[in-house]
Amino acid sequence: QVQLVESGGGLVQAGGSLRLSCVASGLTLSNYAMGWFRQAPGKEREFVAAFSRSSGMTYYADSVKGRFTISRDNAKNTVYLQMNSLKPEDTSVYYCARRSPMNQAIGVFNVRSYDYWGQGTQVTVSS
């Protein structure tokens, strides 16, 4: 019933910008914490950014701080990831995910604290 659909990926030059979108259905976005993760070939899925439901605080991986911004539009039930100053090492499949309301004891950085995932969107940054 819950579906997350990412879009906005593509091929960009290093230093360029891209905005990813994740449209949620089957849930009211404002009621949940949401996050973005990425996974490159041969690597485990890693945390990128997230926002909380209760406080509205945002969290970022050290590798993207100052370059990426997570935001949401509750009217559109959409979460965004604005990516600026892109680097080749940002190349990955990017996924949005819903934070599980039943696993709040698990940290926001942990993939196991998220229970629904989108299909992913490919971001490729050339040098």
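Details of the structure are given in the entry above.
Calculation notes
- Residues numbered from 1 in each chain as written.
- Predicted model: local features only at pLDDT ≥ 70, side-chain atom pairs only at ≥ 80, totals over all residues.
- Heavy atoms only, no water.
- Helix = DSSP H or I, 4+ residues; strand = E, 2+ residues; numbered from the N terminus.
- Rg over C-alpha atoms; globule rule 2.2 N^0.38 Å.
- Buried < 20%, exposed > 50% of the residue type's maximum accessible area, 1.4 Å probe, protein only.
- Contact = heavy atoms within 4.5 Å.
- Areas by Shrake-Rupley, 256 points an atom, 1.4 Å probe, with all protein chains shown as cover.
- Lys, Arg positive; Asp, Glu negative; His and termini not counted.
- Charge placed at Lys NZ, Arg CZ, Asp CG, Glu CD.
- Core = buried A, V, L, I, M, F, W, Y, C linked by side-chain atoms within 4.5 Å.
- Phe/Tyr/Trp six-rings, centres within 6.5 Å; stacked < 30°, edge-to-face > 60°.
- Lys NZ or Arg CZ within 6 Å of the ring centre and 35° of its normal.
- Disulfide = S-S within 2.5 Å.

J.: Would you explain the overall build of the protein in this entry?
T.: Of the regular secondary structure elements, the protein holds zero helices and 11 strands. Here the protein has a C-alpha radius of gyration of 14 Å; the compact-globule value for 127 residues is 14 Å, and the two agree. When the backbone C-alpha atoms are referred to their principal axes, the protein occupies close to 40 × 30 × 25 Å. When the 127 residues of the protein are sorted by exposure, 43% land in the buried category. Taking contacts inside the protein between residues at least 6 apart in sequence as the whole, the part at least 24 apart equals 57%. With an accessible surface of roughly 6,500 Å², the protein has 47% of that area assigned to carbon and sulfur atoms. Within the protein, the 8 negative side-chain charges are centred at a point lying 5 Å from the centre of the 13 positive side-chain charges.

J.: How do you make sense of the nonpolar core when you look at a structure like this?
T.: Nonpolar side chains tend to gather and get buried jointly when the protein is soluble and globular. Grouped together as the largest cluster of nonpolar side chains are 33 residues, with contacts concentrated most on W36, V79, L81, M83 and Y94. Those elements that provide at least two residues to this core are β3 (18-25), β4 (34-39), β5 (46-51), β7 (68-73), β8 (78-83), β9 (92-99) and β11 (121-126).

J.: What should I look at first to understand the packing of aromatic side chains in this one?
T.: The way to describe two aromatic rings as a pair is by their centre distance and the angle between their planes. Applying the stated criterion across every chain, the model contains six aromatic pairs. Where Y114 meets W117, the ring centres are 6.1 Å apart and the plane angle is 55°; that geometry is what we call tilted. Look at W117 and you get partly exposed, because its relative accessible area is 28%. The rings of F37, F47, Y59, F109, Y114 and W117 are connected pair by pair, giving a single aromatic cluster. If you follow R45 out to its NZ or CZ, it ends over the ring of Y95, 3.8 Å from the centre.

J.: Got a minute to help me understand the state of the cysteines in this structure?
T.: One way to say it: the disulfide is the covalent bond shared by the sulfur atoms of two cysteines. A complete count under the given rule lists one disulfide for this structure. Covalently, C22 is tied to C96 through a disulfide, its sulfur atoms 1.8 Å apart. With the S-S bond torsion at 50°, the cross-link from C22 to C96 turns out right-handed. With C22 in strand β3 and C96 in strand β9, this residue pair connects regions lying 74 residues apart in the sequence.

The quantities given are spatial measurements derived from coordinates; they are silent on function.
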